[in-house]
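Fold and contact review
These are the residues of each chain, in order.
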Amino acid sequence: MAKARVGVIGCGNISDIYLQNLGSLFDNLEVAAVADLDPDRARSKASTHGVAKACAVEELLADPSIEVVLNLTTPDAHAEVCLAALAAGKHVHTEKPLAITLKDAERVLALARRKGLRVGAAPDTFLGAGIQTCVRLIDEGMIGVPVAATAFMANHGPESWHPNPDFFYAQGGGPVFDMGPYYFTALIALLGPAHRVSGSVRRSFPGRLIGSGPREGEMIPVQIPTHATGTIDFDCGAIATFLMSFDVWGARLPRIEIYGSDGSLSVPDPNTFGGPVLIRTRDDAEWREIPLTLPWADNSRGLGLSEMMRAVSENRPHRASGELGMHALEIMHAIHDASGTGKAVALRSPVARPAALA
């Protein structure tokens, strides 16, 4: 298979693991160029990861040899960069979320349909060995019919370690938009699409103190809710209870658990590709660990992009799709909308449960 030439736009913190993996793990991808609003940062990443070309965004988009853009910009630029890449005739795979607003996400997907191009969206961690093992156990009936689920993400935010955490507390940030994509995408991969969401949100603290880097000690404003809880009703009949918070100093909650008619399944951290995977059926006295025999147990960011470009060459749907990203984004907005109106919100974005990764 010929390698797809990738142009990476955005050279921030997350770019290192992508550039490392795209240069070593995936035999169908080749990083042709990197671009960033800061030219020095783009040149530094290119030098570190052996990329031949560092250039301006406009030059990258004008390069006819680049087939797909990997969008690693901050969330407020996701839609703009995706639209520019599609307008230039290139497929695009973006970091999460797909966009900040539903309207912008719809624009991205509509343009891709008109131009016959693909849109992929992170996270791709659900393609890893851990969650794919859980998918297989559910499909094999190991816990019977799923009836309920829980999803919990509780910590005190990224300002203690991130040198520039402002965007985590601006529009498009917060625990729901930052970490929710991992959890809600995993739930969709495990249970299929959802149709109704209820939720309550709050902004607990007006400011946050940066704890590291050159801005250590600086107070930044909090513009968005930082604690959210509610329920999600899935088409399969299961009801999930979730909590997403940047307001918790310590918790001993599970990440994700699926409860079935014949047993329970403990799903690993959806921000990782590996395990552990634990199961307890009606015949088990204790939880037992399921060995991971599937590939991609280590940090394999870029797997979704690789799978998308393989799907392009094979003329089939890809798994970490824009439609999947859109459904997760609609859930995130519905949580906030439900809190504001006091009413459950019906979902309308169509998506199919991603096929298990062979």
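Because the structure is predicted, anything quoted here is derived from the model rather than measured.

1. What about the overall build of the protein?
Across its full length, the protein holds 10 helices and 17 strands. For 358 residues, the compact-globule estimate of 2.2 N^0.38 gives 21 Å, and the C-alpha radius of gyration of the protein, at 20 Å, lies within 12% of that figure. Overall, the protein is about 60 × 50 × 35 Å in size when its C-alpha atoms are taken along their principal axes. The buried share of the protein, reckoned over its 358 residues, is 57%. Long-range contacts, defined here as pairs at least 24 residues apart, represent 72% of the contacts in the protein between residues at least 6 apart. In the structure as shown, the protein presents an accessible area of about 15,000 Å², 52% of it carried by carbon and sulfur atoms. Charged side chains of the protein number 32 positive and 39 negative; the gap between the two group centres comes to 3 Å.

2. With respect to the layout of surface pockets
Approximately 1,300 Å³ is the volume found for the largest pocket. Of all the elements in the fold, those that place two or more residues in the lining of the largest pocket are helix H2 (39-49), helix H3 (57-62), helix H4 (78-87), helix H7 (174-178) and helix H8 (180-191). If one sorts the elements of the lining of the largest pocket by residue count, H4 sits on top with four residues. For the lining of the largest pocket, the class distribution of residues is 24 nonpolar, 13 polar and 11 charged. Roughly 300 Å³ of internal volume is contained in the second largest pocket. Lining the second largest pocket we find 19 residues, and of these Pro-317, His-318, Arg-319, Ser-321 and Glu-323 sit closest to its centre. Within the residue set of the lining of the second largest pocket, elements represented by two or more residues are helix H5 (102-115) and helix H10 (322-341). A per-class count over the lining of the second largest pocket returns 10 nonpolar, three polar and six charged.

3. A few points about empty space enclosed by the protein
Tallied over the entire structure, the rule returns one cavity of 30 Å³ or more. As a volume, the largest cavity reaches approximately 30 Å³. In terms of lining residues, the largest cavity is bounded by Lys-96, Pro-97, Leu-98, Ala-122, Pro-123, Pro-181, Thr-185, Gly-325, Ala-328 and Met-332. Counting only elements with at least two residues in the lining of the largest cavity, the list comes to H8 and H10. In terms of residues, the lining of the largest cavity owes the most to one element, H10, which gives three residues. The residue inventory of the lining of the largest cavity, partitioned by class, reads seven nonpolar, two polar and one charged.

4. Some words on the sheet that holds strand E4 (residues 68-71)
Read across the open sheet, the six strands follow the order E3-E2-E1-E4-E5-E6; overall the sheet is parallel. Each end of this open sheet is capped by a strand with a single partner; those strands are strand E3 (54-55) and strand E6 (119-121). Bridge count between strand E1 (residues 4-9) and strand E2 (residues 29-35): six bridges; the pairing is parallel. Note that in E2 the partner of Arg-5 across the bridge is Glu-30. Against the sheet, helix H9 (residues 303-314) touches E1, E2, E4, strand E5 (91-94) and E6, its axis set at about 155 degrees to E5.

5. With respect to the nonpolar core
Within the largest apolar cluster, 112 residues are counted, with the highest numbers of intra-cluster contacts made by Phe-184, Leu-187, Ile-258 and Leu-265. Contact partners of Ile-258, with chain neighbours within four places excluded, come to Ile-138, Ile-143, Pro-146, Ala-148, Ala-149, Leu-187, Leu-190, Leu-191, Gly-263, Ser-264, Leu-265 and Val-267.

6. Focus on H5
Between its terminal C-alpha atoms H5 stretches 20 Å, which fits the 20 Å expected from 14 residues at 1.5 Å a residue. Three or more residues of H5 are buried, namely Ala-105, Val-108, Leu-109, Leu-111 and Ala-112. One side of H5 holds all its buried residues, which, seen down the axis, span an arc of 160 degrees. Opposite the buried face of H5, at more than 90 degrees from it, the exposed residues are Lys-103, Arg-113 and Arg-114.

The rules behind the values
Residues numbered from 1 in each chain as written. Predicted model: local features only at pLDDT ≥ 70, side-chain atom pairs only at ≥ 80, totals over all residues. Heavy atoms only, no water. Helix = DSSP H or I, 4+ residues; strand = E, 2+ residues; numbered from the N terminus. Rg over C-alpha atoms; globule rule 2.2 N^0.38 Å. Buried < 20%, exposed > 50% of the residue type's maximum accessible area, 1.4 Å probe, protein only. Contact = heavy atoms within 4.5 Å. Areas by Shrake-Rupley, 256 points an atom, 1.4 Å probe, with all protein chains shown as cover. Lys, Arg positive; Asp, Glu negative; His and termini not counted. Charge placed at Lys NZ, Arg CZ, Asp CG, Glu CD. 1 Å grid on protein atoms, 1.4 Å probe; cavity = no way out; pocket = protein on both sides within 12 Å on 5 of 7 lines; lining within 4 Å. Points joined across faces, edges and corners; volume = space filled by probe spheres on them. Nonpolar A, V, L, I, M, F, W, Y, C, P; charged D, E, K, R; others polar. Pairing = 2+ DSSP bridges. Axes fitted to C-alpha atoms, helices over the stretch in contact; angles between N-to-C directions. Core = buried A, V, L, I, M, F, W, Y, C linked by side-chain atoms within 4.5 Å. Expected span 1.5 Å × (residues − 1). Arc of directions from axis to C-beta.

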